Amino acid sequence: MNANILPQNAGDRAATSDRFDRVFWKRLWRLVRPYWTSDRRVQAFVLITVMTLLSLGTVGMQAVFSYVSRDVMNALQAKDAACFHHLLMLFVVWILTFVPIAAFYPYFTGLLGIDWRDWMTESFVQKMVRGNALYHIMRDHMVDNPDQRISEDVNSFTGGALNYSMTVLQAIVTAITFFGILWAISRWLAVCLIGYALAGTWLAVVIGRHLVVINFNQQRFEADYRFALVHARDNAEAIALYDGASDEAQRLRSRFAKVVNNFKLLILWQRRLTLFTAAYDNAAGLVPYFVLAAAYFSGRFGLGEFTQAAYAFSVLQGSLSLVVDQFQALTDYASVVNRLASFEESCEVAGGQPDDHHKQIEVGEDNARIAVEDVTLATPDWSRVLQQRVSFAVASGDALLLTGPTGAGKSSLMRAIAGLWRFGSGRILRPPANEIMFMPQKPYLILGSIRQQIQYPRAAEVSDEELMEVLREADLAHLPGQFGGLDAELNWADVLSGGEQQRLAFARLLLNSPRFAILDEATSALDAASEEHLYSRLARLPTAFISIGHRPSLRQFHSRVIELSARSEPAIETNGRVGDEPASSSK
């Protein structure tokens, strides 16, 4: 098996560590760094600078408030009405200054967050489709729910990164500022606070570290359940025809049971952590009163200094206790980092080189032909050989039919020509990808209009007359009138029958007119007359093609036939007759 392809969910299992260790921080840095070194970095740094200034402004306003509040209390204690009213005016100025900061900070945060998400989403989509990574990921079950990781986890990651980075920055500045204020009032209180915060942080980590794994699993089970619901929705007709509603409901209940059981475990550990954090936060409010009460009653402090010390202690304690107060949210964010990192790692290794124990089918380029040279196909786990030493060549004007029993590896051979199946040995030569069109048994219908369906994947803009002509050739001229024109957009996989979908794929083939085409059971849902009509039209194109199928009726449209056997080397049949050539020869 490919050594660089992880076994099922191996990447996820490696990503469920309950520690904020070196691996986690390396993953976090690898996810953060690319955006801040990209071509959008100038705008990003401008926005983060504005956010930093506004955040520091908030800290400054808190410091000013502590002094104004102190003086207000002293004025009340001294019954100084003039000073009291003057200080109230300062409160008004403080509020008028703080309101714009409170309004613009989330605005700039939102601008930076959506730009980062936009860039990161595009980056992950490119990684997912580059080198057919998504195909390998889904085939080998490397990670679960890649769609959720892009649509939801990227958003959570960028928003969380901005929130926690600015929160940490603000906490550091706040701690320095208010530690100075508190140190000036009572050094003993400042020392007590440092010890209290360090002890609380350590206990929070010890108690709450299990939440990293539990949050990770909760997101996975939720995504699996959503996927099952979507699968049931998309296959509602088949479920009804099989009368499989009760069985489907049982499967949904089974998946949701994992959600419920893991959630119960989640709230159990959240309860334990909340018991500690609630006690920690409430007890913190009593510390300054115990420490300073004697000094206040002895007259060493005024009421204003006492309230300022209590306020400074509260603000400073909040800054130093960031980990304690945010630990549940941090564990949830850690699971997001691990999910994205494991997905990125899977994209990088998908389709990688095989291990030292197995060879790999080589794929090279030949502009003139498709040549399969001494190719042996194996299953992904190398437990079974599908075909041994298959050789053939298809050049311009050729038409080859591959036939044989189910399980003989016919579709795997098509994937090998496409470069998707490397399990085996031998060599395949083929033109560039843009000169070959692959037509699987179940056509891929994009999310778009009839026009876009036919032009997919490479045809340039063509006139309506040309589109209608290929639709008539495929016996689909009724579609535009039936569904509202060539630009109508529907879920065509649900709207069209299996036969109509295959005819639409043929219309796509006729319009794109590639140099080579490979058709895997491409007419299995069509009647014999429709199959004959479409193949007769295909034969008039300058397209060389390879067909994979079981029907004897396909033989008449091909100049050569290769009969693949599940147990022995294939025999070659030319013009309908079995020849004496060995399987390793090329025709």
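Residues numbered from 1 in each chain as written. Predicted model: local features only at pLDDT ≥ 70, side-chain atom pairs only at ≥ 80, totals over all residues. Heavy atoms only, no water.

Asks: What should I look at first to understand the overall build of the protein chain in this one?
Replies: Each helix and strand in the protein chain was counted, giving 20 helices and 11 strands. Burial analysis of the protein chain (587 residues in total) assigns 45% to the buried set. The long-range fraction of contacts in the protein chain, counting pairs at least 24 apart against all pairs at least 6 apart in sequence, stands at 77%. (Helix = DSSP H or I, 4+ residues; strand = E, 2+ residues; numbered from the N terminus. Buried < 20%, exposed > 50% of the residue type's maximum accessible area, 1.4 Å probe, protein only. Contact = heavy atoms within 4.5 Å.)

Asks: What is the right way to read the pattern of salt bridges from this model?
Replies: Summed over all chains, the structure comprises 20 salt bridges. The network of salt bridges with common partners includes Arg-27, Arg-30, Lys-127, Glu-344 and Glu-345. (Salt bridge = Lys/Arg side-chain N within 4 Å of Asp/Glu carboxyl O.)

Asks: Help me understand the pairing of strand β3 (residues 385-395) in this model?
Replies: The two faces of the sheet receive side chains in turn, since in a regular strand these alternate between them. Relative to β3, strand β2 (residues 369-378) is paired through seven bridges, and the arrangement is antiparallel. What sits directly across from Ile-370, in β3, is Val-394. Where β2 folds back on β3, the antiparallel hairpin that results is connected by six residues, among which Trp-382 adopts a positive phi of roughly 60°. (Pairing = 2+ DSSP bridges.)

Asks: I'm lost on the packing of aromatic side chains in this one. Help?
Replies: What describes a pair of aromatic rings is the distance from one ring centre to the other and the angle between the planes of the rings. The tally for this structure, following the rule as stated, stands at 19 aromatic pairs. Taken together, a centroid distance of 5.2 Å and an interplanar angle of 10° make the contact between Tyr-535 and Phe-557 stacked. Pair noted here: Tyr-535 is in helix α20 (residues 528-539) and Phe-557 is in the loop between β8 (544-548) and β9 (560-563), with a separation of 22 residues, a long-range link. The buried category is assigned to Tyr-535, whose relative accessible area is 2%. Residue Phe-557 is classed as buried on the basis of its relative accessible area of 14%. Each residue in the set Tyr-35, Trp-36, Phe-45, Trp-116, Trp-119, Phe-157, Tyr-164 and Tyr-333 is aromatic and connected to the rest through ring pairs, giving one cluster. Lying across the ring of Phe-124, Lys-127 places its NZ or CZ 5.4 Å from the centre. (Phe/Tyr/Trp six-rings, centres within 6.5 Å; stacked < 30°, edge-to-face > 60°. Lys NZ or Arg CZ within 6 Å of the ring centre and 35° of its normal.)

Asks: Even after reading the chapter, I still don't get α20, so can you show me in this structure?
Replies: Three- or four-residue spacings in an α-helix give side chains the same orientation, since the helix completes a turn every 3.6 residues. With 12 residues, α20 should cover 16 Å at 1.5 Å per step; its first-to-last C-alpha distance of 16 Å lies within 8% of that length. Listing the buried residues of α20 in full gives Ser-530, Glu-531, Leu-534, Tyr-535, Arg-537 and Leu-538. Within α20, the buried residues cover an arc of 155° as seen down the axis, which keeps them to one side. Of the residues in α20, the exposed ones pointing more than 90 degrees away from the buried face are Ala-528, Ala-529 and Ala-539. For α20, the elements touching its buried residues are α16 (464-473), α19 (498-512), β7 (516-520) and β8. (Expected span 1.5 Å × (residues − 1). Arc of directions from axis to C-beta.)

Asks: I'm lost on the sheet that holds strand β1 (residues 362-365) in this one. Help?
Replies: For sheets, the rule is that strands pair by backbone hydrogen bonds, running either parallel or antiparallel. Reading across from one edge, β1-β5-β2-β3 is the order of the four strands in this open sheet, with mixed pairing throughout. This sheet does not close on itself; its edge strands, each paired only once, are β1 and β3. Pairs of neighbouring strands in the sheet enclose a mean axial angle of 10°, with direction left out of account. Set on the sheet, helix α14 (residues 410-418) makes contact with β1, β2, β3 and β5 (424-430); between it and β2 the angle comes to about 125°. (Axes fitted to C-alpha atoms, helices over the stretch in contact; angles between N-to-C directions.)

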